[in-house]
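Geometric and topological summary
One-letter residues, chain by chain:
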Amino acid sequence: MGSINKTVRIPKTRVAKGENYCIKPGDILIAMSGATTGKIGVVPSNFDGLILQNQRVGNFKITDSEQIDKGYLKHFVSSPSYQNQIWNSMVGVAQPNISSKQLENFEIALPPLEDQKRIAEILDCAEELRSKRRDAIAQLDALTQAIFLEMFGNPVTNPKGWDITKVGEVADVQGGLQVSSARKKYPREVPYLRVANVYRGYLDLSEIKMIRATDTEISRTLLNIGLWTKRS
């Protein structure tokens, strides 16, 4: 597939923010504020002529198609490498955000153009397979719910008359860690579970981000397979 022969910064493509211009099919948009900061979206083929005015959305505008392939750029800015740059540079806790200037200065690996196209094609196929897998899991989820209702009845109406208790009486509820720029000085970098990884009945671990934390925090929030916290 070839080797990466250099890296460039996004000014080679230009990151536009909050401008009144039409977005076109295939444009690569990035959320720049809120819980979805860093999330990438591609304008579908049936969207045309819409005006981008949202100050919280950026648009990667390709200006040199001889140097970078749009499909490759889409996958790279969605990759853990690029996303970690975003998460390590965000400011704000309740409403994290990133600026277009910061996005412009993050580095992107740049293989030869033909290799970029082959990489994008392979990753597109992988994404299609992941999408089919998600659809299959959704169908299994619906089947699981139907079996549960048949066995135990609707929890809201409780037709079988099961005993009712509070969650706090049978389990401990614990919160996680807050992502902030202050964590840069913390000693250890570890993978962590986000809201975006949690789905009804299963975890999607295809995209895991990193966070810096103390040993005490890691010990307190570490997730273990099959571990239940029991009350004494």
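Each remark here, short or long, concerns the structure printed above.
Residues numbered from 1 in each chain as written. Predicted model: local features only at pLDDT ≥ 70, side-chain atom pairs only at ≥ 80, totals over all residues. Heavy atoms only, no water.

Focus on the overall build of the protein chain
From N to C terminus, the protein chain includes 5 helices and 12 strands. Of all 232 residues assigned to the protein chain, the portion counted as buried reaches 31%. Of all intrachain contacts in the protein chain linking residues separated by at least 6 positions in sequence, the fraction that spans at least 24 positions is 72%. Carbon and sulfur atoms make up 56% of the accessible area of the protein chain, which totals about 15,300 Å². (Helix = DSSP H or I, 4+ residues; strand = E, 2+ residues; numbered from the N terminus. Buried < 20%, exposed > 50% of the residue type's maximum accessible area, 1.4 Å probe, protein only. Contact = heavy atoms within 4.5 Å. Areas by Shrake-Rupley, 256 points an atom, 1.4 Å probe, with all protein chains shown as cover.)

Here's the deal with the pairing of strand 4 (residues 28-31)
Regular strands place their side chains on alternate faces of the sheet. Burial along strand 4 is two-sided: Ile-28 and Ile-30 and Leu-29 and Ala-31, pointing in opposite directions, are all buried. By the bridge criterion, 3 bridges tie strand 4 to strand 5 (residues 40-42) in an arrangement that is antiparallel. In the sheet register, Ile-28 faces strand 5, and the bridge partner there is Val-42. Bridge count for strand 4 against strand 7 (residues 57-60) is 4 bridges, and the pairing is antiparallel. Paired with Ala-31 across the two strands is Val-57, which belongs to strand 7. (Pairing = 2+ DSSP bridges.)

Focus: unusual backbone geometry
Phi is positive for Asn-158, which is not a glycine, with a value near 50°. Position of Asn-158 among the secondary structure elements: in the loop between helix 4 (113-152) and strand 9 (188-192).

So, the packing of aromatic side chains
Inspection of the entire model under this criterion finds 6 aromatic pairs. Taken together, a centroid distance of 5.0 Å and an interplanar angle of 45° make the contact between Phe-148 and Phe-152 tilted. Here Phe-148 pairs with Phe-152, and both are found in helix 4, just 4 residues apart, close to one helical turn. Between Phe-152 and Trp-162, the aromatic rings sit 6.2 Å apart at their centres with planes inclined by 55°, giving tilted as the arrangement. On the criterion of sequence distance, the pair formed by Phe-152 in helix 4 and Trp-162 in the loop between helix 4 and strand 9 is long-range, its members being 10 residues apart. On the accessibility criterion, Trp-162 (47% relative accessible area) is partly exposed. Aromatic rings pair up to connect Tyr-72, Phe-76, Tyr-82 and Phe-106 into one cluster. (Phe/Tyr/Trp six-rings, centres within 6.5 Å; stacked < 30°, edge-to-face > 60°.)

Re the pattern of salt bridges
Considering all chains together, one arrives at 10 salt bridges under this definition. Note that Lys-74 is salt-bridged to Asp-124, the shortest N-O span being 3.3 Å. You can see Lys-74 sitting in helix 1 (residues 70-77) and its partner Asp-124 sitting in helix 4, a full 50 residues away along the chain. Close ionic contact of Lys-132 with Glu-128 constitutes a salt bridge, the shortest N to O distance being 3.8 Å. Remark: Glu-128 and Lys-132 occur in helix 4; sequence separation between them is 4 residues, near one turn of the helix. (Salt bridge = Lys/Arg side-chain N within 4 Å of Asp/Glu carboxyl O.)

Digging into the nonpolar core
Nonpolar side chains in soluble globular proteins generally cluster together in the buried interior. Counting residues in hydrophobic clusters, the biggest one holds 26 residues, and the most contacted among them are Phe-60, Tyr-72, Leu-73, Tyr-82, Ile-86, Ile-98 and Leu-103. Those elements giving two or more residues to this core turn out to be strand 4, helix 1, helix 2 (80-89), strand 8 (107-109), helix 4, strand 9 and strand 12 (209-213). A per-element tally of this core places helix 1 first, with 4 residues. (Core = buried A, V, L, I, M, F, W, Y, C linked by side-chain atoms within 4.5 Å.)

Points about helix 4
The end-to-end C-alpha separation of helix 4 is 57 Å, in line with the 58 Å expected for 40 residues at 1.5 Å each. Turning to helix 4, its buried residues are Leu-113, Asp-115, Gln-116, Ile-119, Ala-120, Ile-137 and Asp-141. Those residues of helix 4 that are buried are in contact with helix 1 and strand 11 (202-203). (Expected span 1.5 Å × (residues − 1).)

Just geometry here; none of it tells us what the structure is for.
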